[in-house]
Amino acid sequence: MNAAPPPLTWDVFCHVIDNWGDVGVCWRLCQQLATAGQRVRLWIDDAAALDWMAPGARAGHVPGVQIHPWPRGRADCPPPSLPPADVLVEAFGCHVPDAWVAALLPPVGRDGRPTVWLNLEYLSAEPWVARSHGLPSPVLSGPLAGRTKWFFFPGFTPDTGGLLREADLAQHQARFDAQTWRAALGPHAGPWVSLFCYEPGALPRLVVQPALATAQWLVAAGRSAAAWAALAPPLPSRAAARVLENVPQPGFDERLWACDLNLVRGEDSLVRALWAGRAFLWQLYPQDDGAHHDKLEAFLAWLDAPADWQAWLRAWNGVPGVDPPALTTERLAQWQAAARAARDRLWTQDDLLTRLLAFVYGRRGTM
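Note that this is a predicted model, so its numbers are computed, not measured.

## Focus: the domain arrangement of the chain
As assigned here, the chain comprises domain 1 (9-163 + 350-364) and domain 2 (168-348). The gap between the C-alpha centroids of domain 1 and domain 2 is 30 Å. With 21 residues of domain 1 in contact, the opposing surface of domain 2 contributes 25 residues. Summing both partners gives a buried area of about 2,000 Å² for domain 1 against domain 2, and 58% of it is carried by carbon and sulfur. Of all residues in domain 1, the largest losses of buried area upon contact with domain 2 belong to Trp20, Arg28 and Phe156, amounting jointly to 31% of the total for that side. On inspection of domain 1 and its partner domain 2, the count reaches two salt bridges. Between Arg28 and Asp268 there is a salt bridge whose closest N-O contact spans 2.8 Å.

Okay, here's the thing in structure tokens:
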């Protein structure tokens, strides 16, 4: 039997733009790499969200992960004097300066094997993702000429990079007691809804749907709470709402497991909603040119959702001319059945970490 390949040192670079999805994805990746025995250095230009997302991380209390400030806005900042890595990951094309790449990732590692330079891209179900996943991007000029960066695309099908999923996720879900979780927030007999959104124009319409007439709404802090505060008309008389503070990632997962309908935004929370196996509405990051509508249509083609669910997903993302039907209790149950079917399809595939490790070790010639 072949021995397991030795652990590697990974430098993961994260540029926080204006939301929490980028740091959320990067932290899940780093933590899963560390759990798998890898050595990880996370370079981040704004680590503030980690204080609630991953308490103790910045203080070095997560084994296997070191957090380093990345002075991304200072072009003249020299690279750090640290031992070089075996893998360098630019999350979402954040572009690490050439001098930093040269210092942290020499072409050949200390073990004499090639190092690996990756661009971990955004998640999409569009057909070109599978065609682009794993392709090389040679550097043709400049100080890094002759080096190669590789594209790694997350995705929903076996011919992509897959989705982040903890090895013990199914066991955690099996042990979770939704009724006990709800009871800790107070009794409520109606359906439970989690709201994590930008500013969806369809929110006022959703809150008055028949299936949600007696709902308990759990509203995330920040932009979600601001969107909620601007609601008109008000909630139905038998519904209730409360704004919840930001919680660590495991706590957010539990919120999704406990609710009957999860309204999520961006990339990280979509993946967590899929693993929850509950009905959901996903709000993509809005783009001025409407490109997010093409991404939505590709996702709907993969999801194989009932027509009414597709209509609500389009309305939730501001697709013009969409008039979704009334959301009834029966339809909400159908959404959940379809969500579980989608999750079951994903469970049969390898997760992103498994595929990423295979790709990296394969490039290094150790698998």
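## What to know about the layout of surface pockets
Space inside the largest pocket adds up to approximately 800 Å³. Taken together, 37 residues line the largest pocket, and the ones lying closest to its centre are Gly21, Asp22, Tyr198, Gly266 and Glu267. Only helix H1 (21-35), helix H2 (50-53), helix H9 (249-258) and helix H10 (268-276) provide two or more residues apiece to the lining of the largest pocket. Of the residues forming the lining of the largest pocket, the biggest block, four residues, is contributed by H1. Its residues placed into classes, the lining of the largest pocket shows 17 nonpolar, nine polar and eleven charged. In this model, the second largest pocket occupies a volume close to 630 Å³. Mapped onto the lining of the second largest pocket, the elements with two or more residues apiece are H1, helix H5 (169-175), H9 and helix H14 (352-364). Of the residues in the lining of the second largest pocket, the class split is 13 nonpolar, six polar and nine charged.

## Considerations on the sheet that holds strand E1 (residues 9-14)
With respect to topology, seven strands assemble into an open sheet ordered E3-E2-E1-E4-E5-E7-E6, the strand pairing being mixed. Looking along the sheet, the strands with just one partner apiece sit at the ends: strand E3 (65-69) and strand E6 (136-138). Here the strands of the sheet are splayed against their neighbours by 25° on average, with no regard to which way each runs. In the sheet, E1 pairs with strand E4 (residues 87-91) via four bridges, with the strands oriented parallel. Each residue of the ladder has a partner; that of Phe13, found in E4, is Glu90. Packing against the sheet, H1 makes contact with E1, strand E2 (39-44), E3, E4 and strand E5 (116-120), and its axis sits at approximately 165° to E2.

## Brief notes about the environment of Phe13
Relative to the helices and strands, Phe13 resides in strand E1. In the structure, Phe13 is positioned 59 residues away from Arg72 in sequence and 9.9 Å away in space, judged by C-alpha atoms. Look past the residues within four positions of Phe13 in its chain and what remains in contact with it is Trp43, Trp70, Leu88, Val89, Glu90, Ala91, Cys94, Val96, Trp100 and Leu104.

## Overview of the pairing of E2
Of all six residues that make up E2, five are buried, and the element is covered over most of its length. Of the strand pairs in this sheet, E1 and E2 are connected by six bridges, and their pairing is parallel. By the bridge assignment for E2, Asp11 is matched with Arg41. With five bridges connecting them, E2 and E3 associate as parallel partners. If you follow Leu42 over to E3, its bridge partner there is Ile67.

## As for empty space enclosed by the protein
Under the definition given, this model contains four cavities of 30 Å³ or more. Here the largest cavity is characterised by a volume of approximately 110 Å³. Residues of the lining of the largest cavity, tallied by class, amount to eight nonpolar, one polar and four charged. Shared between two domains, the lining of the largest cavity holds at least three residues of each, these being domain 1 (9-163 + 350-364) and domain 2 (168-348).

## Overview of the nonpolar core
The biggest cluster of nonpolar side chains holds 65 residues, and the ones touching the most others in it are Trp217, Phe280 and Trp309. Grouped together as the second largest cluster of nonpolar side chains are 42 residues, Val25, Cys26, Met53 and Val116 included.

About the criteria used
Residues numbered from 1 in each chain as written. Predicted model: local features only at pLDDT ≥ 70, side-chain atom pairs only at ≥ 80, totals over all residues. Heavy atoms only, no water. Domains from an automatic or database assignment. Contact = heavy atoms within 4.5 Å. Buried area = accessible area lost by both parts, 1.4 Å probe. Salt bridge = Lys/Arg side-chain N within 4 Å of Asp/Glu carboxyl O. 1 Å grid on protein atoms, 1.4 Å probe; cavity = no way out; pocket = protein on both sides within 12 Å on 5 of 7 lines; lining within 4 Å. Points joined across faces, edges and corners; volume = space filled by probe spheres on them. Helix = DSSP H or I, 4+ residues; strand = E, 2+ residues; numbered from the N terminus. Nonpolar A, V, L, I, M, F, W, Y, C, P; charged D, E, K, R; others polar. Pairing = 2+ DSSP bridges. Axes fitted to C-alpha atoms, helices over the stretch in contact; angles between N-to-C directions. Buried < 20%, exposed > 50% of the residue type's maximum accessible area, 1.4 Å probe, protein only. Core = buried A, V, L, I, M, F, W, Y, C linked by side-chain atoms within 4.5 Å.

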